[in-house]
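Geometric and topological summary
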Amino acid sequence: MSAHDISGKKVAFLLTDGVEQIELTSPWEAVKDAGGQPVLVSPSSGSIQGFNGVDKADTFTVDLDVADASAADFDALVLPGGVVNADYLRVNEDARRFARDFFAAGKPVAAICHGPWLLIDAGVVKGRDLTSFHTLEVDLRNAGANWSDEEVVVDQGLVTSRTPDDLPAFNDKVVEEISEGQHAGQHA
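These notes cover the structure that comes with them. (Residues numbered from 1 in each chain as written. Predicted model: local features only at pLDDT ≥ 70, side-chain atom pairs only at ≥ 80, totals over all residues. Heavy atoms only, no water.)

The next thing to look at is the sheet that holds strand β5 (residues 55–61). Taken in spatial order, the 3 strands make up an open sheet running β2-β4-β5, and their pairing is mixed. The open sheet terminates on both sides in strands that have one partner only, identified here as β2 (19–20) and β5. (Pairing = 2+ DSSP bridges. Helix = DSSP H or I, 4+ residues; strand = E, 2+ residues; numbered from the N terminus.)

What follows is the structure, given as structure tokens:
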């Protein structure tokens with residue numbers, strides 16, 4: 001059980017095919033264990049194909065199409081990684097709008113591994129402190145972010161981590177930031 005109670009909080013998990021499965025399931029369970037309600041939001045309908053690295057893993061049922069999703073209906077956003085997942089989301093206008101709206105509202109956003117790619121294309125990383133999978137370092141720095149190689153980085157409600165190895169620290173900070181709620185400094 002988490003040290004923070006997020007009962008009644010709805011958390012959007014934005015992803016599509018190619019998601020790194022553990023980066024979905026581990027934070028999802030952390031949110032549920034703390035009393036929150038995770039919701040799978042996607043530009044795809046039906047179900048999503050998870051991966052363990054390059055190997056197909058489980059499928060997950062989509063709860064809500066991102067085109068119909070509103071940040072106003074959620075308390076936080078989680079962006080799992082996976083190269084294919086993140087690369088597809090970053091060019092999807094509905095996904096970019098959805099992510100931007102969380103920043104505009106000052107709501108917590110968490111991204112792990114390749115998840116921050118979407119935040120670059122959403123235009124919300126300039127001047128922010130964050131981390132990611134190491135291959136995104138140059139992309140993030142070029143977008144104006146302050147990148148560092150750390151287990152977890154928190155910047156005014158924005159939580160980022162590098163790899164599945166960082167999930168314990170990532171999950172703790174995700175739940176903590178959701179329990180704290182909106183952050184004035186989160187605005188894009």
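Summed over the entire model, instances satisfying the criterion amount to 3 aromatic pairs. A centroid spacing of 5.1 Å and a plane angle of 55° characterise the contact between F13 and W28, whose relative ring orientation is tilted. Within this pair, whereas F13 is found in strand β1 (residues 10–14), its partner W28 is found in helix α1 (residues 21–33), the two being separated by 15 residues in sequence. Judged by its relative accessible area of 0%, F13 falls in the buried class. Their ring planes at 90° and their centres at 5.0 Å tell us that F98 and F102 sit as a pair that is edge-to-face. (Phe/Tyr/Trp six-rings, centres within 6.5 Å; stacked < 30°, edge-to-face > 60°. Buried < 20%, exposed > 50% of the residue type's maximum accessible area, 1.4 Å probe, protein only.)

Side chains of nonpolar character tend, in soluble globular proteins, to be buried together. Within the largest apolar cluster, 32 residues are counted, with the highest numbers of intra-cluster contacts made by L14, V41, L77, F98 and L119. Sorting the residues of this core by element identifies β1, β3 (37–42), β7 (76–79), α2 (83–90), α3 (93–104), β8 (109–112) and α4 (116–121) as the ones contributing at least two each. Counting residues per element, this core draws most heavily on α3, which supplies 5 residues. Once residues lying within four places of it in the same chain are set aside, the contact partners of L77 are A12, L14, F98, A99, F102, P108, V109 and A110. (Core = buried A, V, L, I, M, F, W, Y, C linked by side-chain atoms within 4.5 Å. Contact = heavy atoms within 4.5 Å.)

Between α1 and helix α6 (residues 167–180), the shortest axis-to-axis distance is 9 Å and the interhelical angle comes to 45°. Here α1 is positioned oblique relative to α6, judged by the angle of their axes. Between α1 and α6 lies a crossing whose hand is right-handed. Contacts between α1 and α6 involve I22, E23, S26, P27, A30 and V31 from the former and L167, F170, N171, V175 and I178 from the latter. (Axes fitted to C-alpha atoms, helices over the stretch in contact; angles between N-to-C directions. Parallel < 35°, antiparallel > 145°, perpendicular 65-115°, else oblique. Left-handed = near helix turned anticlockwise from the far one by under 90°.)

This part is about the pattern of salt bridges. Following the criterion strictly, the structure yields 10 salt bridges and no others. In this structure, R90 engages D121 in a salt bridge whose closest nitrogen and oxygen atoms are separated by 2.8 Å. A residue pair is termed long-range when its members are at least 10 positions apart, and R90 in helix α2 and D121 in helix α4 qualify at 31 residues. The salt bridge partner of D166 is R162, with a shortest N-O separation of 2.9 Å. Connected through salt bridges with shared partners, the residues D87, R90 and D121 form a single ionic network. (Salt bridge = Lys/Arg side-chain N within 4 Å of Asp/Glu carboxyl O.)

Another point: the environment of L79. Tracing the sequence through the fold places L79 in strand β7. Remark: the alpha-carbon pair of L79 and A110, spanning 31 residues in sequence, is separated by 6.0 Å. Excluding anything up to four places from it in sequence, L79 contacts L14, V109, A110, A111, I112, G115, L118 and L119.

What follows deals with the pairing of strand β12 (residues 158–161). Side-chain alternation along β12 places L158 and T160 on one buried face and V159 and S161 on a second face that is also buried. The sheet contact formed by β8 and β12 spans 4 bridges and is parallel. Bridge pairing in β12 places A111 opposite T160. Count of turn residues in the strand β11 (residues 152–155)/β12 antiparallel hairpin: 2 residues, of which Q156 carries a positive phi of about 50°.

Any functional reading would require information that these geometric values do not contain.
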